[in-house]
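Close look at the chain arrangement
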Amino acid sequence: MLEAAKHLLTPSKRSNVPPFMVMDVMAAAALLDAKGARVVHMEVGQPAAPAPATAIAAAQAALAHGRIGYTETLGIPSLRARIARHYADTYDLALDPARVVVTTGSSGGFILAFLALFEPGDRVALANPGYPPYRHILSALGCEPVLIETSAETRWALSAKALIAEHRRKPIAGVVVASPANPTGTMMDADALSRLISVAEAEGIRVISDEIYHGLDYAFAAETAANLSERAVVINSFSKYFCMTGWRVGWMVVPEPLVRPIERLQQNLSISVPTLSQIAAEAAFEGHLEMEEVKRGYLENRGILIAGLPQAGLTKFLPADGAFYLYADVSEFTSDSFKFASEMLEKAHVAATPGIDFDPVHGHRFIRFSYARSADEMREAVTRIARWLG
Ligand SMILES: Cc1ncc(COP(=O)(O)O)c(C=O)c1O
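The structure reproduced in this document is the subject of the present report. All of these numbers come straight from a predicted model, not from anything done at the bench.

What follows covers the side chain of Asp 321. When you line up the elements, Asp 321 lands in the loop between α11 (288–312) and β9 (325–329). Reaching out from Asp 321, the side chain makes a polar contact with the side chain of Arg 155 at a distance of 2.9 Å. If we skip the residues at most four places from it in the chain, Asp 321 touches Arg 155, Gly 185, Thr 186, Met 187, Asp 217, Tyr 218 and Ala 219.

Have a look at this one:
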């Protein structure tokens, strides 16, 4: 092929982001399922339960009504107002609905936030381990993800000291915090989060708080960064607490001066968020009691794993405070968690995610279990792992 023609087919450097390895585990698990293996799925971070009945009914009514058109770019006004009310009910915060932006899942929120806050080349700090798309979206946008090491000893919390040490070495433009966090399920209490935000903002470091697992807290109630700073950007979603992963709807709470720039970005990038999903999302808030029942299921699952995994041979993990994950150190069995997860899948028919997805440095020592399915499946997983390791 001619050099010029070859060039036409060459993807941009910025598109060269790593894959999400959990998808490989999912594909292998699906193959086993197709052969009749009845795999226990603990690899994917998504609830097994459906959206609240109120959300489904609202979407059905809207479909029956007929036309589904575009909405306002910032979101349907009544949904933005309902989200603002959620802050009054949950965090005792009087939030102006004008600061709420409806997004295409929290994933859409990250793209908007990173574009609105950072210039190409900006360095953005992330806790390591952490949710992989933070670093991959940043690099696709030409920013530099800067991994800050955390450890089990400090409950995987990003420390202000480590952040500032990195900032002194070379300036940091922003930091992403997540509590409860993925993959560890650990949380920062309000004081620790407040300290981190104050220290960062005093240095001119912008704070983005990923609050997607709020509502799924077992140890103590999560505090929103919106209550701690009017300058922080908060990102949230209907995917996890409200079991609406496939609906692709989330929201941001942004400082007032950023509303219009984010509106302009979203106008151009996607016009508006899917209308049916916004209608369902507004009604989801009325399904709170149903979702609390789902949350009680996660709590039961968490108990089954915290008691059962050590008996099965996996002893090194923290009893996570929130979300639906346990992050286990498997270094006594392997130096290759991808191989460990593959063998566990093949021999025990339990699918989990290798830590290397979340931590390019130490992830070969860890695997992540997601416990968002039934209690019976959790018991079955423990029995199978015990048999396999035993
Ligand atoms: C920490 C964290 N943030 C964001 C997301 C993205 O979720 P969504 O785009 O469905 O809101 C996930 C999904 O697993 C996650 O674990």
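So, on to the site of the ligand. Close to the ligand lie 14 residues; Ser 107, Tyr 213, Ser 237, Ser 239 and Lys 240 are nearest. Take Asn 182: an N or O atom from its side chain is 2.7 Å from an oxygen atom of the ligand. Within the side chain of Asp 210, a nitrogen or oxygen atom sits 2.7 Å from a nitrogen atom of the ligand. With the chains in place, 92% of the 400 Å² that the ligand exposes on its own is no longer accessible. When atoms are counted within 2 Å of each cavity's grid points, the one that captures over half of the ligand is the largest pocket. Considering every element that reaches the shell around the ligand, the biggest residue donor is helix α5 (residues 105–117), with 4 residues.

To continue, consider the sheet that holds strand β12 (residues 366–370). A sheet is described by the order of its strands in space; here 3 strands give the open sequence β9-β12-β11, paired in antiparallel fashion. On the outer flanks of this sheet lie β9 and β11 (353–354), each paired with one strand and no other. One ladder, built from 5 bridges, connects β9 with β12; its direction is antiparallel. Pairing of Ala 328 across the sheet is with Ile 367, part of β12. Packing of helix α12 (residues 337–348) onto the sheet brings it into contact with β11 and β12, and relative to β12 it is tilted by some 45°.

Procedures and definitions
- Residues numbered from 1 in each chain as written.
- Predicted model: local features only at pLDDT ≥ 70, side-chain atom pairs only at ≥ 80, totals over all residues.
- Heavy atoms only, no water.
- Helix = DSSP H or I, 4+ residues; strand = E, 2+ residues; numbered from the N terminus.
- Polar contact = N/O pair within 3.5 Å; in protein donor to acceptor, adjacent residues only side chain to side chain.
- Contact = heavy atoms within 4.5 Å.
- Near = heavy atom within 4 Å.
- Areas by Shrake-Rupley, 256 points an atom, 1.4 Å probe, with all protein chains shown as cover.
- 1 Å grid on protein atoms, 1.4 Å probe; cavity = no way out; pocket = protein on both sides within 12 Å on 5 of 7 lines; lining within 4 Å.
- Sits in = over half its atoms within 2 Å of the grid points.
- Pairing = 2+ DSSP bridges.
- Axes fitted to C-alpha atoms, helices over the stretch in contact; angles between N-to-C directions.

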